[in-house]
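Observations on the model geometry
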Amino acid sequence: MEKRGEGDIDGLWNIFEAGINYAYNKNDKTRNDFIIAYNNVIKQYGVNWNITMGLFWIRPNAYVNLDATNRDFIIKNNLINSRINYLTRRLENIPKGQDYLYLIDNISVNLRSGKYPFTNFVELSSSAWNYYNNNKNNIENEINSTQNIEEYNPNITKEQWKKFIINIEKPSNLTSIKMLKAIMELGGESSCDVLIEKYGGNLDYYVKATLGLGKNAKKYFNLENYIENGKERIYVIPFVGKKTNEHNTESFVYSIRKELREALNEIDLSDISPFCENENLPKGRMKEENNIQVTDIRKNTILYGPPGTGKTYNTVLYAVARIENKKLADIKSEKYEEVLKRYNQYKSDGLIEFTTFHQSYGYEEFIEGIKPIIDNSEDENSDVNYKIEPGVFKAFCDKAETFSLSNSNINLELNNSPEIWKVSLEGTGENRTRSECMENGHIRIGYDSYGENIEDETKFEFGGKNILNAFIPKMKVGDIVLSCYSSTTIDAIGIVSGEYEWHDEYEKYKRLRKVKWIVKGIKENIVDINNGCSLTLSSVYRLNISLSDVINIISKYSGVLLHSKKK
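Residues numbered from 1 in each chain as written. Predicted model: local features only at pLDDT ≥ 70, side-chain atom pairs only at ≥ 80, totals over all residues. Heavy atoms only, no water.

Along its length, the chain carries 20 helices and 14 strands. Counting only residues that meet the buried cut, the chain has 45% of its 567 residues in that class. Sequence-distant contacts, at least 24 apart, represent 64% of the contacts inside the chain between residues at least 6 apart. By element, 48% of the accessible surface of the chain is carried by carbon and sulfur atoms, the whole surface being about 30,500 Å². (Helix = DSSP H or I, 4+ residues; strand = E, 2+ residues; numbered from the N terminus. Buried < 20%, exposed > 50% of the residue type's maximum accessible area, 1.4 Å probe, protein only. Contact = heavy atoms within 4.5 Å. Areas by Shrake-Rupley, 256 points an atom, 1.4 Å probe, with all protein chains shown as cover.)

At a closest axis distance of 8 Å, the pairing of helix 2 (residues 28-41) and helix 6 (residues 97-112) adopts a crossing angle of 120°. By the angle class used here, helix 2 and helix 6 are oblique. Along the contact surface, helix 2 presents Arg-31, Phe-34, Ile-35, Tyr-38 and Asn-39, while helix 6 presents Gly-97, Gln-98, Tyr-100, Leu-101, Tyr-102 and Asp-105. Here the residues of the contact of helix 2 with helix 6 are counted per class, giving six nonpolar, three polar and two charged. (Axes fitted to C-alpha atoms, helices over the stretch in contact; angles between N-to-C directions. Parallel < 35°, antiparallel > 145°, perpendicular 65-115°, else oblique. Nonpolar A, V, L, I, M, F, W, Y, C, P; charged D, E, K, R; others polar.)

Following the criterion strictly, the structure yields 17 salt bridges and no others. In this structure, Arg-444 and Glu-436 form a salt bridge, with 2.9 Å as the shortest nitrogen-oxygen distance. By relative accessible area, Arg-444 is classed as buried at 5%. Residues participating in the shared-partner salt-bridge network are Lys-158, Glu-159, Lys-162 and Glu-266. (Salt bridge = Lys/Arg side-chain N within 4 Å of Asp/Glu carboxyl O.)

When helix 19 (residues 465-474) is considered as a whole, its buried residues turn out to be Asn-466, Ile-467, Leu-468, Ala-470 and Phe-471. In this structure, the buried side of helix 19 is in contact with strand 8 (420-424), strand 9 (442-445), strand 13 (511-525) and strand 14 (540-542).

Located in the positive-phi region is Asn-78, a residue other than glycine, with phi close to 50°. Looking at the element boundaries, Asn-78 is found in the loop between helix 4 (68-76) and helix 5 (82-88). We note that Glu-426 has phi near 70°; this positive angle belongs to a residue other than glycine. Positionally, Glu-426 belongs in the loop between strand 8 and helix 18 (432-440).

For the rest of this paragraph, the subject is the side chain of Ser-483. Residue placement: Ser-483 occurs in strand 10 (residues 480-484). Those residues within four positions of Ser-483 in sequence are excluded, and the remaining contacts are Val-423, Leu-425, Arg-434, Met-438, Thr-489, Ile-490, Asp-491, Ala-492 and Trp-517.

This part is about the pairing of strand 9. Of the two faces of strand 9, the one holding His-442 and Arg-444 and the one holding Ile-443 and Ile-445 are both buried throughout. Here strand 9 pairs with strand 13 via four bridges, running antiparallel. Looking across to strand 13, one finds that Ile-443 is bridged to Arg-513. (Pairing = 2+ DSSP bridges.)

Looking now at the packing of aromatic side chains. The full count for this structure, using the stated rule, is 22 aromatic pairs. Measuring from centroid to centroid gives 4.0 Å for Tyr-313 and Tyr-336, while their planes differ by 5°, and the two rings are stacked. With Tyr-313 in helix 13 (residues 311-323) and Tyr-336 in helix 15 (residues 336-348), the pair connects residues that are 23 residues apart, well separated along the chain. For Tyr-313, a relative accessible area of 43% gives the class partly exposed. (Phe/Tyr/Trp six-rings, centres within 6.5 Å; stacked < 30°, edge-to-face > 60°.)

Okay, here's the thing in C-alpha cells:
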C-alpha cells in the first residue's frame, strides 16, 4: 500500500470521530469539525463515495449512503434540490463536506414530507437496493442481447454523427463522450469488463452511458423503434454488439459503428478525459501538452521575507508561470518587461487580482460583508437597507466563474462582475407589456412623465428616483435580469445587451433596455435563494442572489448543464 499517505489512517479515525460527535450533538463546532475532517479524508488515496457508506454504517440515521445504487435511486426520485444537482453535476461528483451536510438536510426534509414510502435513510437505502435488484435482470438482458449489422442499420452518415456529437451530445452528455473516447482508445470496441479495469466505473455506469447515447440519437435523428424479442433495443443505434470469450469468460463487446467511428476520428476530444472518476480538465489560457502540467509552481504558493527582498517583483513571474503552464526558470529567462506586460493583460482579463493587506483589513473586505444602501424602494425616505457585498477574494472567485460560463457552450455574454436585477414588466401575472418584451427581446419600465432624460434637477413628484437610478446609470450591459411574475416567482432570465433607450412609440413604459432572454416561459420560485424574501413592488432593484443559483435555474430549464471550471 505504498500509495497510502503517512496520516491517512488518522484521517479515517478523525472523520468517524467527527461524524459520531456531530450526529449526537449538532452545533457550529461539531459541524465545522466534521466538514474539515470530511474534506481532508476525501483527498486520500482510495477514498471517494465509499466514505459516505462508512458514515452510514456507523450512524445510519444521521448520514445518507451515496454509493452508486443509492445515487441513482436518489436522482430518479428527485430527492435533492437544484442546488445540489448543480454542485455535484447530478451526483456525478462527490460533494464537499458542507454540501454533503446540506444534501442530508435536503433529503431529510423530503423524507418527512410524506410523499415517499420511505421515511429515513435506512428505509431509503433498502428501497434503493430492492429497486436495483428488481432491475438488474433487465440490465443484464440488455447487455447480453445480440444484434447483427445486417439486421439493423440506422442509416446515419459520418457527417450526421459528427454534427450530433459536436452540437448535442458533447455539450450535454459528458458520460457518453467519455465512454466513446475510452472505446476509441481501445481500438473502437471493448467490453464493459475491460473499460472498468482500465478507466474505472462499474457496469451500471457504462450501461447508462450507452442507453443515454442511444436515446439522444434516436430522438435527434427521429428513428423508429428497433424491437428484438419483444423489447426495444436502444444501444444498436451507435453500436454493433457481439458476444466474445475473453479470458475464458463470456462477455459482451460494444463495437462503435463505422460511420460514428469515422466521425469521432475527426472531432477534437483532447479536452475530454476517458476516466469516469476524473473531473473535466481545466480549460482557459494554460498551455496544455497532452494534459500534462508543465509548470513547477504550485497553486498555493507563499513568498515570504522582510520588506525589500523582491516578493512583489517575483509575484509577477510566479503568476505568469502558473497561468501559462511554464517552468519558473523559463519565465525568468525572459525580459521582465515582457513578462510584466502579459501579467498586466491577465489582470485586465480578470485572471489575476493583486491586493495589499493592512492592519484594518478584515473578513468583510476580503470575503464578504454587509453595506448600507437606500435604493430598492420607491419611497425615497425609507429606512436604510443592507446589502451583502463580496470582498476582494470572493469577487475574484465570482470573476473566475463568470469567465468560465462565458466560454461555455451557451454564451451568456456576462460582464466581469454581473449584478442580478429584479425587473417588473408592468405588473405581476400575464399582461401586454410582458408579452411584448418577451417577444421582442427587451425590458420596459415607466415614470414617463419625467421625460426621456433624468437630470440632477428632476423633481420626483411621483417617486421612482431609486428605480430610475438603478435602470439608467447603474444597470450595465452583461448584467442579469430576472423577470418578476409574482411575489415569489420569476418567468424569465435574461442578459442585458443594450444601453438605456427612450421609445416614444409606446403609449406607456417608454424606458427600454435590450435583453437577450436565456430562458422564458418558466415559473420558478426564488424565495429560498433570495434569503427567504419575497419580491417587492419596486420595479427595479438589485437582488442578493448568487450567480451560481441563477446558473442553476438556467441549466434546469435550458437542458444544458452549465458549470464552473477551475482556471
